[in-house]
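Listed here are the chains, written in short residue letters.
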Amino acid sequence: ETGVTQTPRHLVMGMTNKKSLKCEQHLGHNAMYWYKQSAKKPLELMFVYSLEERVENNSVPSRFSPECPNSSHLFLHLHTLQPEDSALYLCASSQDARVVRGYTFGSGTRLTVV
Amino acid sequence: AQSVAQPEDQVNVAEGNPLTVKCTYSVSGNPYLFWYVQYPNRGLQFLLKYITGDNLVKGSYGFEAEFNKSQTSFHLKKPSALVSDSALYFCAVRVLTGTASKLTFGTGTRLQVTL
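The notes below deal with the structure included here. Remember, predicted model here, so these are calculated numbers, not experimental data.

Residue and element names in this part refer to chain B. The final tally for this structure, using the stated rule, is 17 aromatic pairs over all chains. Relative to Tyr 36, the ring of Phe 34 has its centre 6.5 Å away and its plane inclined at 35°; by these criteria the two rings are tilted. Across the pair, exposure class does not vary: Phe 34 and Tyr 36 are buried alike. Plain terms: the ring middles of Phe 90 and Phe 105 are 6.4 Å apart, the flat faces sit at 90° to each other, and that makes the pair edge-to-face. With Phe 90 in strand β10 (residues 87-96) and Phe 105 in strand β11 (residues 101-105), this pair connects stretches of sequence that are 15 residues apart. Across the pair, exposure class does not vary: Phe 90 and Phe 105 are buried alike.

So, about the layout of surface pockets. Empty space within the largest pocket amounts to approximately 530 Å³. Lining the largest pocket we find 24 residues, and of these Gln37(A), Gln38(B), Leu88(B), Phe90(B) and Arg110(B) sit closest to its centre. Secondary-structure elements contributing two or more residues to the lining of the largest pocket are β10 and β12 (109-114) of chain B. Residue contributions to the lining of the largest pocket peak at four residues, all from β12(B). Across the lining of the largest pocket, the residue classes break down as nine nonpolar, nine polar and six charged. In this structure, the second largest pocket spans a volume of roughly 200 Å³. Surrounding the second largest pocket, 13 residues form its lining, Lys36(A), Glu44(A), Ser59(A), Val60(A) and Pro61(A) being those nearest its centre. When residues in the lining of the second largest pocket are grouped by element, the largest group, three residues, is from strand β5 (residues 44-50) of chain A. Tallied by class, the residues present in the lining of the second largest pocket amount to six nonpolar, two polar and five charged.

Okay, the interface of chain A and chain B next. With 24 residues of chain A at the contact, the number on the chain B side is 22 residues. Summed over both partners, the interface of chain A with chain B buries about 1800 Å², with 55% contributed by carbon and sulfur atoms. Inspection of the region where chain A meets chain B yields eight residue pairs in polar contact (both at pLDDT 80 or more). Residue assignment for the side of chain A that touches chain B shows that the elements contributing at least two residues are β4 (31-37), β5, β6 (53-57) and β9 (87-94) of chain A. When its residues are assigned to classes, the side of chain A that touches chain B shows 14 nonpolar, five polar and five charged.

About the criteria used
- Residues numbered from 1 in each chain as written.
- Chains lettered and ligands numbered in written order.
- Predicted model: local features only at pLDDT ≥ 70, side-chain atom pairs only at ≥ 80, totals over all residues.
- Heavy atoms only, no water.
- Phe/Tyr/Trp six-rings, centres within 6.5 Å; stacked < 30°, edge-to-face > 60°.
- Buried < 20%, exposed > 50% of the residue type's maximum accessible area, 1.4 Å probe, protein only.
- Helix = DSSP H or I, 4+ residues; strand = E, 2+ residues; numbered from the N terminus.
- 1 Å grid on protein atoms, 1.4 Å probe; cavity = no way out; pocket = protein on both sides within 12 Å on 5 of 7 lines; lining within 4 Å.
- Points joined across faces, edges and corners; volume = space filled by probe spheres on them.
- Nonpolar A, V, L, I, M, F, W, Y, C, P; charged D, E, K, R; others polar.
- Contact = heavy atoms within 4.5 Å.
- Buried area = accessible area lost by both parts, 1.4 Å probe.
- Polar contact = N/O pair within 3.5 Å; in protein donor to acceptor, adjacent residues only side chain to side chain.

Scope: geometric values only; no functional claims are made or implied.
The structure is reproduced here in structure tokens:
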């Protein structure tokens, strides 16, 4: 265990469903991130939160909605997704927004949209 | 744009032989560089980082990386490869933005170690 826990590990959802991905860290970190990892594509940064405030949103479609209720929890709410949204969604945390020591990643949620 | 490049999609090496996974960077200022490893259906695991100091950085599982400023490279190395080292390796650079920094990753290099 890395200290960053993602649930669920696997998720299959239809295009009309609404689901949420959860990320939890107990490392005392103050910054959290969502990345999307698709086959044969670079990791894509989706959202950045620092001290529970969203500081970056990389032109992500509105069908992805992040939420950070406190510095230990990060959610990604999903609705009306498309098949091309199928990917591994990775959560990461860092000590603070300076990222001097890099990230700690969770194991990811494998999402399949049918 | 600040970025890293991994020129090889795959590297094949026999167990017991030395391995090198290549990474070059393009940043303004002093780079903060990282290597991560990813096993199947897992997240990325930190291997090592370079911020300042010695150009040879030692990390987890016997890996090391050499920072070369003149060649803008940060290649990952291991003197003797193991079959269990087979995985996907990512180089990353810290990118400074207005309010927060972030890591930008290379496209990854798949390392295959065979008996």
